[in-house]
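Topology and contacts: notes
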Amino acid sequence: MNPYEILGLPPGADNGAVVRAMAMALREGRHDAATLAGAQRALLTTDGRRLADFCLPALPTPKPLLRRSEHPEPEPFAPPRLARFEALAAQLAAEIAADEAEAAAWVASAGCAEGRDDAPLPGCATRG
């Protein structure tokens, strides 16, 4: 086991942290005194520290995967700009409907209703 793991220290801890971790580990009884003393000795000497640093894993230990039942429920996705977009789309649809109704009323009042080509008024296209 790596001396850092035995003493519960992060890599690169200074000598003072090693001594404090040794005292705390002895009080808590995590390992026997010989194992703790060996870990402290390794981290307080230059060669021992180099060996401990060399033996550290290159990547952190991966966390265990969660079971499907342990996964938190995902939050529903609602982009904040989507509500504004929907409001603008509804406003535009209302304006288009009003314009179409106004155009239909103008066509009906001008006598240019579909199927009537007998009223050649200005602005009305005649069929023929």
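Residues numbered from 1 in each chain as written. Predicted model: local features only at pLDDT ≥ 70, side-chain atom pairs only at ≥ 80, totals over all residues. Heavy atoms only, no water.

1. Overview of the overall build of the protein chain
Definition in use: By definition, any uninterrupted DSSP run of H or I lasting at least four residues is a helix, any uninterrupted run of E lasting at least two residues is a strand, and each is numbered from the N terminus. Each residue gets one of three labels from its accessible area relative to the maximum for its type: buried under 20%, exposed over 50%, partly exposed in between, using a 1.4 Å probe on protein chains only. Two residues form a contact once any of their heavy atoms are found within 4.5 Å. In short, Shrake-Rupley with a 1.4 Å probe defines the accessible areas, and a residue's cover is counted only from the protein chains shown.
A tally of regular secondary structure across the protein chain gives five helices and zero strands. Counted from the first residue to the last, the protein chain has its helices and strands arranged as α-α-α-α-α. When the 128 residues of the protein chain are sorted by exposure, 20% land in the buried category. Partitioning the contacts of the protein chain with sequence separation of at least 6, the portion at a separation of at least 24 is 46%. Summed over its atoms, the accessible surface of the protein chain is roughly 10,400 Å², and 61% of this surface lies on carbon and sulfur atoms.

2. Considerations on the pattern of salt bridges
To be explicit about the condition: Definition used for salt bridges: Asp or Glu carboxyl oxygen within 4 Å of a side-chain nitrogen of Lys or Arg.
Per the counting criterion, the structure on display carries two salt bridges. Put simply, E28 and R30 hold a salt bridge, and the shortest N to O gap is 2.9 Å. The closest approach of N and O atoms between R50 and D47, which form a salt bridge, is 3.9 Å. Taken together, the positions of R50 and D47, both in helix α4 (residues 46-54) and three residues apart, correspond to about one turn of that helix. A residue is classified by how much of its surface remains accessible, and D47, at 59% relative accessible area, is exposed.

3. Quick word on the side chain of N2
Basically, it comes down to this: Polar contacts, as counted here, are pairs of nitrogen or oxygen atoms within 3.5 Å of one another; within protein the pair requires one atom able to donate a hydrogen and one able to accept it, and residues that are adjacent in sequence qualify only if both atoms are side-chain atoms.
Tracing the backbone shows N2 in the segment before α1 (3-7). Look at N2 and you get buried, because its relative accessible area is 9%. Of the polar contacts made by the side chain of N2, one reaches the backbone oxygen of A52; its length is 3.2 Å. In this view, N2 contacts A52, C55 and L56; residues no more than four positions away in its chain are not counted.

4. Some thoughts on helix α3 (residues 33-44)
Counted only if it meets this: In a helix, the anticipated span is given by 1.5 Å times the number of residues less one. The arc in question is formed by the directions pointing from the helix axis toward the C-beta atoms.
Look at α3: 16 Å from first C-alpha to last across twelve residues, which is about the 16 Å you get at 1.5 Å a residue. For α3, the full list of buried residues reads L36, A39, Q40, A42 and L43. One side of α3 holds all its buried residues, which, seen down the axis, span an arc of 160°. Residues of α3 that are exposed and angled more than 90 degrees away from the buried face: A34 and R41.

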